[in-house]
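Below are the chains, spelled out letter by letter.
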Amino acid sequence: GMQSHLQALLSLYKLFCPEQVTITLPGKIKTYFKNSEGPWKAAITAVRQRNQGTSPLSQAVFLGTSQPQSRKRKWNAQLVIPASSASTNHLEEDREKNRFYSYSTNETFPVEQLQTFPQLLQNIHRLEFPSQMGSVLTNPLLLHYMNCVKDESIYLRLYYWMGQMLQEECTWCVVDNPHNEEEFKSFLETVYKAECFLQEGFSACEEFLYKTLPLWDGFCCRSEILRLVSWIPLSSFSDVKSYLYDPLAQLFFTSSIYFKCSVLESLKELLQNWLNCNVIQVDLESSS
């Protein structure tokens, strides 16, 4: 039957391909899909205002969303990476037992009690990732564990959390962003250190860079952004050219010598990371 969400979908089809929808639709239909032109109009307005000297580049919008559809932070809230905590409810019971090694083989080892590398080795088959995956970024032992356990769900959890955080906290991509640039710099630095530890870039970071580089002014969080650029995974040349080289080239030719040198240094590190990754892959294939 003519359900409201189906009518909304058909009205969207009729808007772009009227010849494909021959039935008559009601004039008033509840809006289920946001206007796809909204972010572009807001971005154009921000650029126009910036060129007139009435609005800085930080008023640009994140591609794909003019306002983040997410949690609302209080005016005095800080960007805090969560602490490691288990997703089970038996921590109090476990504390009454031996602190390190007396758990039976069918029990999980609480991440709150993971303090040393020998503990990690002793309990590696009984560990459970924390309920908040963001805490992994600041915990070297959990990063070791993440490297050993190649579970796709782990990377997906971190991907969704990190993607949301980067979108919400980006100081130049959200309209009227009140967030502290120093907090965002610190967060980017933490992500970069985790990438260096794992020797691979996060896919959420790659998507964030590809979306935000066209809106970046080359000044805000410069060193942190260029460091993240050096860990972009190897992909097709057409993607890298359109999403990475072209936005950087626009800034490169209009910026200072210092910025030019910084970009070249970042791209040199990117090439080194690609070569190292390729060498490791070749070694693995040859040994197998």
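Residues numbered from 1 in each chain as written. Predicted model: local features only at pLDDT ≥ 70, side-chain atom pairs only at ≥ 80, totals over all residues. Heavy atoms only, no water.

A look at the environment of Glu112
Stage number 1. You can see Glu112 is positioned in the loop between helix 3 (91-95) and helix 4 (117-122).
Stage number 2. Along the sequence, Glu112 and Pro130 sit 18 residues apart, while their C-alpha atoms lie 8.8 Å from each other. (Helix = DSSP H or I, 4+ residues; strand = E, 2+ residues; numbered from the N terminus.)

Concerning helix 9 (residues 222-229)
Stage number 1. What helix 9 keeps buried is the set Glu224, Ile225, Leu226, Leu228 and Val229.
Stage number 2. The elements touched by buried residues of helix 9 are helix 7 (181-198), helix 8 (203-212), helix 10 (237-252) and helix 11 (257-287). (Buried < 20%, exposed > 50% of the residue type's maximum accessible area, 1.4 Å probe, protein only. Contact = heavy atoms within 4.5 Å.)

Observations concerning the packing of aromatic side chains
Stage number 1. As enumerated under the stated definition, the model contains 11 aromatic pairs in all.
Stage number 2. When the ring of Trp172 is compared with that of Trp216, the centres are 6.5 Å apart and the planes differ by 40 degrees; the resulting orientation is tilted. With a gap of 44 residues between them, Trp172 in the loop between helix 6 (152-169) and helix 7 and Trp216 in the loop between helix 8 and helix 9 connect regions that are remote in the sequence.
Stage number 3. Taken together, the ring pairs connect Trp172, Phe184, Phe208, Trp216 and Phe259 into an aromatic cluster.
Stage number 4. Between the NZ or CZ atom of Lys260 and the centre of the ring of Phe252, over which it lies, the distance is 5.5 Å. (Phe/Tyr/Trp six-rings, centres within 6.5 Å; stacked < 30°, edge-to-face > 60°. Lys NZ or Arg CZ within 6 Å of the ring centre and 35° of its normal.)

Focus on unusual backbone geometry
One can expect most non-glycine residues to show negative phi and most peptide bonds to be in trans.
Stage number 1. One non-glycine residue with positive phi stands out, namely Gln199, at about 60 degrees.
Stage number 2. Located in the positive-phi region is Cys221, a residue other than glycine, with phi close to 55 degrees.
Stage number 3. One can find Cys221 in the loop between helix 8 and helix 9.

Structural notes on the confidence of the model for the protein
Stage number 1. Looking at the protein, the pLDDT average stands at 77 and 75% of residues meet or exceed 70.
Stage number 2. The model gives residues 54-72 a pLDDT under 50, and that stretch makes 54 contacts with residues more than four places away or in other chains.
Stage number 3. Note that pLDDT drops below 50 for residues 88-104; the model gives that stretch 28 contacts with residues more than four away or on any other chain. (pLDDT = per-residue confidence, 0-100.)

Some points on the pattern of salt bridges
Stage number 1. For the coordinates displayed, the defined rule picks out five salt bridges.
Stage number 2. The residue Arg227 makes a salt bridge to Glu189 at a minimum N-O spacing of 2.5 Å. Of this pair, Arg227 sits in helix 9 while Glu189 sits in helix 7, and the two are 38 residues apart along the sequence.
Stage number 3. Of the charged contacts in the structure, one is a salt bridge between Asp246 and Lys241, with a shortest N-O distance of 3.3 Å.
Stage number 4. Residue classification places Asp246 among the partly exposed residues on the basis of a relative accessible area of 31%.
Stage number 5. Relative accessible area serves as the criterion here: at 38%, Lys241 is assigned to the partly exposed category.
Stage number 6. Salt bridges sharing common partners tie together Glu181, Glu182 and Lys185. (Salt bridge = Lys/Arg side-chain N within 4 Å of Asp/Glu carboxyl O.)

Looking at helix 6
Stage number 1. Between the first and last C-alpha of helix 6 there are 26 Å, a value that for 18 residues agrees with the 26 Å anticipated at 1.5 Å per step.
Stage number 2. Residues Ile154, Leu158, Met162, Met165, Leu166, Gln167, Glu168 and Glu169 constitute the buried set of helix 6.
Stage number 3. The elements touched by buried residues of helix 6 are helix 5 (140-148), helix 7 and helix 8. (Expected span 1.5 Å × (residues − 1).)

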